[in-house]
Structures are given as structure tokens and as C-alpha cells.
Amino acid sequence: MAHAVAFRHRLEPACGVRASWVVERRRGEVVGVLTAAPPLGWIGSIEMLSPEHRSYVAHHIVEVEALSIAPQVRGCRLGHRLIKTAAAHYAGLGYWLMLGTTTVLSLAPYYRQVGFTVLEPGERIAVADPLGMVLHRPAEGHVVQMRKALRTEVTVVGNQMPDGTPLQLLTQVLGPLAGSPEVVRHDDGSLTISGGGVRQTLDARTAGMMERMYRTPVTEAEVREGMAEALRYGLEPLMAARLRKASGYSLPELMGPPRSAGTSTGRR
């Protein structure tokens, strides 16, 4: 860990920010080290996220990868000072949530003292996404996950899995994507969407259909089930799942053959 700090290891900008800190009792004698970085393994495993969306998550959530204090200085609260320093650093960069894991159950009180909420062994982390998804981070039965809000706006909402399992859902961690278009609703029910140099007005009927689609809840299984088909049409899998469920039709029924199928639009 000290070696990584010495060589100032950094991630590619799209992958978020990796940072490390050391504690020296005297010059050259390292007695404490903390390293942190976005949880890229977890983020990369969520297949339904686009590369741009993965980068967005990697700039909002960070994880304490490792924390080590030399035995001869334990009890001086150096670990707490390292965590507080790291939390303040990432909050200043615009991060909203800090995660951590441990397999040592006896360390739970230690991390609670520095502001972490320590979950039960095997309990998953769940983060609400602005596109309507829930980003789940499961854990093996012997692994304890923990979370620490870096902004006061982060809230926890009681929820449950489709099978009825209770779930603590973190909201306000991921706000609306930067550059999202501005939407204005008019008295007649129509909508005007502006952004990226484009301005478009949808009539009340079309706007109502879109609103129903966006409000239609879908499960991870429903998104995954139609993912391959959605990608053939060049659609975001979550939006495609909502479109199918809200309309009651399949994508071919709604849109005709996908472009990659080699059929001409004149056959629709």
C-alpha cells in the first residue's frame, strides 16, 4: 500500500479517483496507510449500465479498499483520522457515498465510531439510480458491508426485494445525469424538451404515453430478460423493458424489425 502511495498510482479519468494516505511517525517510518477508489469491480459487473453511466457512478461512490495501522501505534485513533481525511477529500470532489467491507465481525464497533453504518453479514448494498434502476451490491455470507454518507442529502428508504426480503434503499446518492434535458409541462398537457441545441414539443397524447412508460416499475429480471433484444434496437435496456410493459407489446410489434436484421423500412 505504501508503495502505491509512493508512486502516486492513478486511474484513468473516466474510472473516477483513486487516492491514498500514509501516517509517518518519523520521516520514512510508515505506521498507517489507507487506500480508496471507486468499486470498479462491482460497477463493471452491472451489465445494464452503459460505459458513460458506469463512469458517472464511479464519480459518486468510493470504497475504502484497505486500511492498515501498525501494531505499535494502535489505540491512537490514527485509523479514524485517515478515514475522516479520506471522506472529506472525496466529499470535496463531489462524491456522495463511501463504502467498505470487512470479514472481521469484531471491527463493527470501530467503524461505527467513525460514522459507518455496518450491515449484517451477507446483507447487500442497494443504491437508487436516476434511470429508475436499483444497483444491488450483494455480499457473501461471511462478508460485512458498510456505508457512510458523504452528503446530508443521502437518505435511506425501507423497501423490499421481489421475494419480500427487506431492503434498505439508498436514495439521493446518484442525482440526475449532468446535461440532462430541460422538460417543461404546458397547461394543455404537452411537453417541451430542450437540450443539446435541440428543442422539441410533444403533444399531450404522446407526452402521456411517455410519462406512463417512465412510471412503469420493472424488475431486474424483466430488464435482463429483454436486454439482448433492446441492444439490437439500440435502446437502453431499462427503457425498453418499461416500454414493453407499459404498452403490452413487444419491441418488434412496436418498432418493426431491428436495423441489424437487414430488412428495409418499407416493409413495416
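Residues numbered from 1 in each chain as written. Predicted model: local features only at pLDDT ≥ 70, side-chain atom pairs only at ≥ 80, totals over all residues. Heavy atoms only, no water.

Participant: What exactly am I supposed to notice about the environment of valine 23 here?
Facilitator: Relative to the helices and strands, valine 23 resides in strand β1 (residues 19–26). Its relative accessible area of 18% is what places valine 23 among the buried residues. Separated by 46 residues in the primary sequence, valine 23 and isoleucine 69 place their C-alpha atoms 8.7 Å from one another. (Helix = DSSP H or I, 4+ residues; strand = E, 2+ residues; numbered from the N terminus. Buried < 20%, exposed > 50% of the residue type's maximum accessible area, 1.4 Å probe, protein only.)

Participant: I would appreciate a short explanation of the sheet that holds strand β5 (residues 117–118) in the present structure.
Facilitator: To summarise the sheet geometry, strands pair through backbone hydrogen bonds and adopt either a parallel or an antiparallel arrangement. Pairing is mixed in the open sheet, where six strands are placed in the order β1-β2-β3-β4-β8-β5. Pairing within the sheet leaves two strands with one partner each, and these edge strands are β1 and β5. Across six bridges, the pairing between strand β2 (residues 29–37) and strand β3 (residues 61–69) is antiparallel. Residue pairing for β3: threonine 35 is matched across the bridge by alanine 66. (Pairing = 2+ DSSP bridges.)

Participant: Sorry if this is basic, but what is going on with the pattern of salt bridges here?
Facilitator: Pairing between side chains of opposite charge can happen when their charged atoms approach one another. Across all of its chains, the model carries four salt bridges by this definition. Notably, a salt bridge pairs arginine 25 with glutamate 29, separated by 2.9 Å at the nearest N-O pair. (Salt bridge = Lys/Arg side-chain N within 4 Å of Asp/Glu carboxyl O.)

Participant: Honestly, the side chain of threonine 171 in this entry has me stumped. Any pointers?
Facilitator: Position of threonine 171 relative to the elements: it lies in strand β10 (residues 166–171). Residue class for threonine 171 comes out buried when judged on its relative accessible area of 14%. Within polar-contact distance, the side chain of threonine 171 engages the side chain of threonine 155 at 2.4 Å. Residues within four places of threonine 171 in sequence aside, it is in contact with Ala128, Glu153, Val154, Thr155 and Val157. (Polar contact = N/O pair within 3.5 Å; in protein donor to acceptor, adjacent residues only side chain to side chain. Contact = heavy atoms within 4.5 Å.)

Participant: Can you help me understand helix α3 (residues 51–58) in this one?
Facilitator: Think of an α-helix as 3.6 residues a turn; residues three or four steps apart then line up on the same face. Within the span of α3, buried status applies to His53, Ser55, Tyr56, Val57 and Ala58. In this structure, the buried side of α3 is in contact with α2 (40–45), β3 and β7 (134–137).

Participant: I keep staring at the packing of aromatic side chains and nothing clicks. Help me out?
Facilitator: Two numbers describe a pair of aromatic rings. These are the distance of the centres and the angle of the planes. Applying the stated rule across the entire model yields four aromatic pairs. When the centroid spacing of 6.4 Å and the interplanar angle of 70 degrees are considered together, the rings of tryptophan 21 and tyrosine 90 count as edge-to-face. Here tyrosine 90 lies in helix α4 (residues 78–92) and tryptophan 21 lies in strand β1, a separation of 69 residues in the sequence. Look at tyrosine 90 and you get buried, because its relative accessible area is 0%. Between tyrosine 90 and tyrosine 95 the ring centres are 5.0 Å apart and the planes differ by 80 degrees, which places this aromatic pair in the edge-to-face class. Taken together through their ring pairs, the aromatic side chains of Trp21, Tyr90 and Tyr95 make up a single cluster. (Phe/Tyr/Trp six-rings, centres within 6.5 Å; stacked < 30°, edge-to-face > 60°.)

Participant: It is not clear to me how the nonpolar core should be interpreted in this structure. Could you clarify?
Facilitator: Soluble globular proteins tend to pack their nonpolar side chains together in the buried interior. One finds Trp21, Leu34, Tyr90, Met98 and Phe116 to be the most contacted residues of the largest nonpolar core, which totals 27 residues. Looking at which element gives the most residues to this core, the answer is α4, with six residues. In this structure, Ala58, Leu99, Leu119 and Val127 belong to the second largest nonpolar core, which totals 25 residues. (Core = buried A, V, L, I, M, F, W, Y, C linked by side-chain atoms within 4.5 Å.)

Participant: I tried to follow the confidence of the model for the chain on my own but got confused; where do I start?
Facilitator: Low pLDDT marks regions whose predicted coordinates should not be analysed in detail. Mean pLDDT over the chain works out to 81, with 84% of the residues at or above the 70 mark. Confidence over residues 260–268 falls short of pLDDT 50; this stretch has seven contacts with residues more than four positions distant or in other chains. (pLDDT = per-residue confidence, 0-100.)

Participant: Hey, could you run me through the side chain of arginine 147 in this one?
Facilitator: Structurally, arginine 147 is set in strand β8 (residues 144–149). One buried charge, arginine 147, has no salt-bridge partner; the nearest side chain with opposite charge is glutamate 123, at 6.1 Å. Among residues more than four places away in sequence, those in contact with arginine 147 are Leu97, Met98, Leu99, Gly115, Phe116, Thr117, Leu119, Ile125, Val156, Gln168 and Leu170. (Lys, Arg positive; Asp, Glu negative; His and termini not counted.)

Participant: Explain unusual backbone geometry here, please?
Facilitator: Across the chain, the bulk of peptide bonds are trans and the bulk of non-glycine residues have phi less than zero. Positioned with a positive phi, arginine 77 is a non-glycine residue whose angle comes to about 60 degrees. Turning to its location among the elements, arginine 77 is positioned in the loop between β3 and α4. If you check the backbone angles, glutamine 172 has positive phi at about 70 degrees while not being a glycine. Relative to the helices and strands, glutamine 172 resides in the loop between β10 and β11 (182–185).

Participant: I'm lost on α4 in this one. Help?
Facilitator: A rise of 1.5 Å per residue sets the reference length of α4, with its 15 residues, at 21 Å; its end C-alpha atoms lie 21 Å apart and thus fit the reference within 8%. Residues of α4 that are buried include every one of Leu78, Gly79, His80, Leu82, Ile83, Ala86, Ala87 and Tyr90, and no others. Contacts from the buried residues of α4 go to β1, β2, β3, β4 (97–102), α5 (108–113) and β8. Backbone geometry just after α4 places glycine 94 at a positive phi near 100 degrees. (Expected span 1.5 Å × (residues − 1).)

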